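Each chain, written out:
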Amino acid sequence: MTSKDAIEAKLLGSFPGRFVGAMPVPQFLDFLSEADGRPVMPNVRTRQDLLVSLRKLTTNFDLVDTSGCPDPSVVVGGYEFQPTMGLYKRDNSRNGVTDMSAMEAWIIVKPSSQQDPFIDPPPNVDFTPTPCPEEDLLPYWKTNRDYYPIFESSNKQSISTRAHMVACTNAFFATQFRRFGFSILLCGSWARFLYWDRSGAVVSQRFQYTANFDPLAEFLWRLNHVSSGDRGVDVSVVPVSLLESQDSTIRELLGIGSSDPLYGYIVPVDTALQKPKDAEGRPSSTTHHFYVGPRPAPKQCSLLEQRTYGFHVWDLAQKRVVFFKETWRLDSPGISTESAVYRELHSRRIPNIPTFEHGGDMSALGTKTITHSFSNAWWCRTPNHTALVQHRIILRDVERNLSTFKTPNEFLTIIKDALTAHQEAYKYLGILHRNISMENIGVTSEGRGLLMGWECCSLKSHDALLEIQMGNIPFMSGALLDQSTQDKRHVLADDLESFLHVMMYTMARYLPNTIDVEKKNALLKIFDEEYVIDKGGRAIGGSRKRECLAHPQSHLFKKFTVPPEIAALLQKLYDLFPIRYDAWTQMKELHTQDTRFKTPSDLLACHGEMMALVKRWAPASEAEEYPDEDSDME
């Protein structure tokens, strides 16, 4: 089993530089509206005093000691990271003593102040960035941030506490419909408040609650009285019940068990695409539509990775099954919404794209992160400039996912269709997808492929965006994950490599073959390799991918047995990629002077060669058009 130190390092590596602090306590209390009638509480001296006081302040909650009862969602790598105490809505059902899916807030208690994971700067130090106009040639912003210790303490006990908090937060957001949440940290006689959203965490200054209990009492009293929405619950998702005459039919269509809960999801009307009309065709003031579906299966992953999920839902108005997708997208100038991308793709008649119904940002309901908004506050020692906004869309035609392919021929057809969509979008709109993954290739009822998941796409000419690492790490190219790569700009070859990783992973995992379990697991480790997050927030890893692509005959095909036609295609496809990772191949190309032939690099600068190979082995469809192979050369 991996050591606890390694697990804690991985937890913290998944949350790099996202703690924003230290916010003055009075300002932090403003996250919650004031409530009258708070009882006057004596200062606490013992843990029993603390529990008595906490329960008097949280009369609308059940305060439960969860320290000895792990929830599976907070067991990471075999180690338990449950909170010390949990706050549950009174009389609310829950599974066991510790149930992160039902918890409204949580408290972590550490016995020593040395376990405090943060270092507050001296009082009243102003970290506001100020311009320095005397630097005419290279203007910059001056700040006191460089003159004080970093906010996140580096001692071992502090690291362990921070990892504990991150593990609880990951589970909290993974198992609930949440926009944000609160927690409390007690280290010895000192306390801090934390506000969490999907972009980071705002940390209060610490205060000695044993000497002055008022801040802790005020916070809990306010939390006790605010609405669920003001505690961070996503009010755009609500539990629902269907009419008995409809329930079993809809559950069967959605593939949901009879005892599984159903939820209603609000999705914005896409007024940019169509003018809303009512059932009789008259103009409507409707701004949102309502859909019924299951709760997405929780994933044990970092809060920052919990950005996207999709599943089938029931359209109450049209009485049909459609595909629902939610994304917490980057909210930054120059980044198009996925709704806008789908509109553009359809306007240019790009093939093999799901039909876009409607959708948009959920910002009208307050579903935007705010931790970034404090980056220039005078007290902020650690700026976080990442802003996210919740985005929902409804798609048609998506019947199932790639892993459900029925035959090798159907699998190749699906890949060919997705690659065609990618090529056409790149050729006619200059769009690079940047998130090729198994989840983003859908299948129609006729067994044709659909390329989905356009939330990360960028124009191939937009260098600033292309330098931001995007994509699903298991399928991301080895070059983008390589720490030594100088040019981190996302290029076409990275997407083409991702297509190959998707093909190999899907076939290794889902295609019946004679490979033994040990070799299969070794093969899948190419994609499940551990990675770390560097100071810039980039994932670093992928060494197995680079090694396999540099020497595929030595590392890959000895482990994998598939039908001869697929094996031949895979070998041809893998032969395209050594130029990216094998020094000898790169040297040979450098010294090749014959310009009559395409170099290996040329073959990855357009779709032509990969498309030709896939079409050669995939079944031909009727009236299939073959675009110019060199038309998308950069």
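Residues numbered from 1 in each chain as written. Predicted model: local features only at pLDDT ≥ 70, side-chain atom pairs only at ≥ 80, totals over all residues. Heavy atoms only, no water.

**Q** Sorry if this is basic, but what is going on with the environment of D71 here?
**A** Within the element layout of this structure, D71 appears in the loop between β2 (61-65) and β3 (75-76). With 97 residues separating them along the chain, D71 and C168 place their C-alpha atoms 10.0 Å apart. Of note is the side chain of D71, whose polar atom sits 3.0 Å from the backbone nitrogen of M100. (Helix = DSSP H or I, 4+ residues; strand = E, 2+ residues; numbered from the N terminus. Polar contact = N/O pair within 3.5 Å; in protein donor to acceptor, adjacent residues only side chain to side chain.)

**Q** Where do I start with the sheet that holds strand β17 (residues 320-330) in this structure?
**A** Strand pairs in the sheet, formed through backbone hydrogen bonds, run parallel or antiparallel to each other. The antiparallel open sheet is built from seven strands, whose spatial order is β13-β14-β15-β16-β17-β19-β18. Looking at the sheet topology across the chains shown, the edges are occupied by β13 (237-240) and β18 (355-361). For this sheet the average axis-to-axis angle between neighbouring strands, irrespective of direction, equals 35°. Relative to β17, strand β16 (residues 308-315) runs antiparallel, the two being bridged by eight bridges. From the neighbouring strand, F311 faces β17, where its bridge partner is F324. (Pairing = 2+ DSSP bridges. Axes fitted to C-alpha atoms, helices over the stretch in contact; angles between N-to-C directions.)

**Q** Can you help me understand the packing of helix α15 (residues 564-574) against helix α19 (residues 608-617) in this one?
**A** To describe two helices that pack against each other, one gives the angle between their axes and the distance between the axes. As a packed pair, α15 and α19 sit with axes 10 Å apart at the nearest point and diverge in direction by 175°. When the axes of α15 and α19 are compared, the pair comes out roughly antiparallel. Here α15 contributes E565, A568, L569, K572 and L573 to the contact with α19, which in turn contributes M610, L613, V614 and W617. Residue composition of the contact of α15 with α19, by class: seven nonpolar, no polar and two charged. (Parallel < 35°, antiparallel > 145°, perpendicular 65-115°, else oblique. Contact = heavy atoms within 4.5 Å. Nonpolar A, V, L, I, M, F, W, Y, C, P; charged D, E, K, R; others polar.)

**Q** Just checking my understanding: could you explain the packing of aromatic side chains for this structure?
**A** Each aromatic ring pair is summarised here by two numbers: the centre-to-centre distance and the angle between the ring planes. A full pass over the atoms with the stated rule returns 32 aromatic pairs. Pairing W106 with W196 gives two aromatic rings, centres 6.4 Å apart and planes at 25°, and the pair type is stacked. Remark: W196 occurs in strand β10 (residues 190-197) and W106 occurs in strand β6 (residues 103-110); sequence separation between them is 90 residues. Judged by relative accessible area, which is 1%, W106 ranks as buried. Centroid distance F475 to Y505: 5.4 Å. Interplanar angle 85°. Geometry classified as edge-to-face. One end of the pair, F475, is in the loop between α9 (463-466) and α10 (478-481); the other, Y505, is in helix α11 (residues 492-510), and 30 residues separate them in sequence. Since its relative accessible area comes to 3%, F475 is described here as buried. The ring centre of Y426 lies 4.3 Å from the NZ or CZ of K460, which sits over that ring. (Phe/Tyr/Trp six-rings, centres within 6.5 Å; stacked < 30°, edge-to-face > 60°. Buried < 20%, exposed > 50% of the residue type's maximum accessible area, 1.4 Å probe, protein only. Lys NZ or Arg CZ within 6 Å of the ring centre and 35° of its normal.)

**Q** How should I be thinking about the sheet that holds strand β20 (residues 400-401) in this particular structure?
**A** Strand order in the open sheet made by the three strands is β20-β22-β23, with antiparallel pairing throughout. The open sheet has two free edges, formed respectively by β20 and β23 (449-451), since each of these has just one partner strand. Across two bridges, β20 lies against strand β22 (residues 441-443) in antiparallel orientation. Residue pairing across strands places R400 opposite V443, the latter belonging to β22.

**Q** What exactly am I supposed to notice about the confidence of the model for the chain here?
**A** Caution applies to low-pLDDT parts of the model: their predicted coordinates are not meant to be read in detail. Predicted confidence across the chain gives a mean pLDDT of 86, with 89% of residues reaching 70 or more. Contacts of residues 135-141 to residues separated by more than four positions or lying in other chains number seven contacts, the stretch itself having pLDDT below 50. Across residues 625-629, confidence stays below pLDDT 50; counting only partners more than four residues off in sequence or on other chains, it has eleven contacts. (pLDDT = per-residue confidence, 0-100.)

**Q** Could you clarify how one ought to interpret the nonpolar core in this entry?
**A** In a soluble, globular protein the nonpolar side chains are often hidden away together inside. By size, the foremost hydrophobic cluster in this structure holds 74 residues, and its most contacted members are Y342, L345, I441 and W454. Looking at which element gives the most residues to this core, the answer is α11, with eleven residues. The residues contacting L345, other than those within four sequence positions of it, are I350, I353, A425, L429 and W454. Judged by nonpolar contacts, the second largest core, of 42 residues, contains L29, L220, L223 and C380. (Core = buried A, V, L, I, M, F, W, Y, C linked by side-chain atoms within 4.5 Å.)

**Q** Help me understand the pairing of strand β9 (residues 180-187) in this model?
**A** Taken residue by residue, a regular strand's side chains alternate between the two faces of the sheet. Among the eight residues of β9, eight are classified as buried, and the element is accordingly described as predominantly covered. Residues F180, F182, I184 and L186 point to one face of β9 and G181, S183, L185 and C187 to the other, with burial holding for every one of them. Two elements, β6 and β9, share five bridges in a ladder whose sense is parallel. In the sheet register, K110 faces β9, and the bridge partner there is C187. Joining the antiparallel neighbours β9 and β10 is a turn of two residues, in which G188 adopts a positive phi near 65°.

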